[in-house]
Amino acid sequence: LGLLLVPWLRRSPPPAGRSVPAPTDELVKDPVCQTYVVRSRAVSRKGPEGPRYFCSDACARRDA
């Protein structure tokens, strides 16, 4: 495992003026079952504080 990380750790930083692109997706936590799910695959519902993300329609219904 250590040998696999060495090339990644030795990467040079991006050239000046260029930034590293932000991840296109992230994990979100289902407030009902506490499962983490990739946001692009999550079921979303609008809430008073903003969008809420669920692992399935069943969990979204249980939150209501």
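Please read these numbers as outputs of a predicted model, since none were measured by experiment.

## Quick word on the overall build of the chain
(1) Moving on: Secondary structure assignment for the chain yields 2 helices and 4 strands.
(2) Moving on: Seen in sequence order, the chain has helices and strands lined up from the N terminus as α-β-β-β-β-α.
(3) Moving on: Put simply, of all contacts in the chain between residues at least 6 apart along the chain, 19% involve residues at least 24 apart.
(4) Moving on: Summed over all atoms, the accessible surface of the chain reaches about 5,600 Å², with 57% contributed by carbon and sulfur.

## Details of the environment of Val28
(1) Moving on: Among the structural elements, Val28 can be located in strand 1 (residues 27–29).
(2) Moving on: Setting aside residues no more than four positions away along its own chain, Val28 makes contact with Thr35, Tyr36, Val37, Arg39, Ala42 and Tyr53.

## Focus on the side chain of Asp30
(1) Moving on: Position of Asp30 among the secondary structure elements: in the loop between strand 1 and strand 2 (36–38).
(2) Moving on: In this structure Asp30 touches Thr35, Tyr53, Phe54, Cys55, Ser56 and Cys59, once residues within four positions along its chain are discounted.

## Description of the confidence of the model for the chain
(1) Moving on: Per-residue confidence for the chain gives a mean pLDDT of 82; residues scoring 70 or more make up 64%.
(2) Moving on: Put simply, helix 1 (residues 2–9) is where the chain has its lowest mean pLDDT, 56, and strand 1 is where it has its highest, 97.

## What to know about the pattern of salt bridges
(1) Moving on: Evaluation of the coordinates by the stated rule reveals 3 salt bridges.
(2) Moving on: Residue Arg45 pairs with Asp57 through a salt bridge whose shortest N-O separation is 3.5 Å. Residue Arg45 is located in strand 3 (residues 43–47), and its partner Asp57 is located in helix 2 (residues 57–63); the two are separated by 12 residues in the primary sequence.
(3) Moving on: For Asp57, a relative accessible area of 41% puts it in the partly exposed group.

## Some words on the pairing of strand 3
(1) Moving on: Sheet analysis places strand 3 next to strand 4 (residues 50–54), joined by 5 bridges and oriented antiparallel. Bridging across to strand 4, Lys46 finds its partner in Pro51.
(2) Moving on: Between strand 3 and strand 4, which follow one another and run antiparallel, lie 2 residues.

Cut-offs applied
- Residues numbered from 1 in each chain as written.
- Predicted model: local features only at pLDDT ≥ 70, side-chain atom pairs only at ≥ 80, totals over all residues.
- Heavy atoms only, no water.
- Helix = DSSP H or I, 4+ residues; strand = E, 2+ residues; numbered from the N terminus.
- Contact = heavy atoms within 4.5 Å.
- Areas by Shrake-Rupley, 256 points an atom, 1.4 Å probe, with all protein chains shown as cover.
- pLDDT = per-residue confidence, 0-100.
- Salt bridge = Lys/Arg side-chain N within 4 Å of Asp/Glu carboxyl O.
- Buried < 20%, exposed > 50% of the residue type's maximum accessible area, 1.4 Å probe, protein only.
- Pairing = 2+ DSSP bridges.

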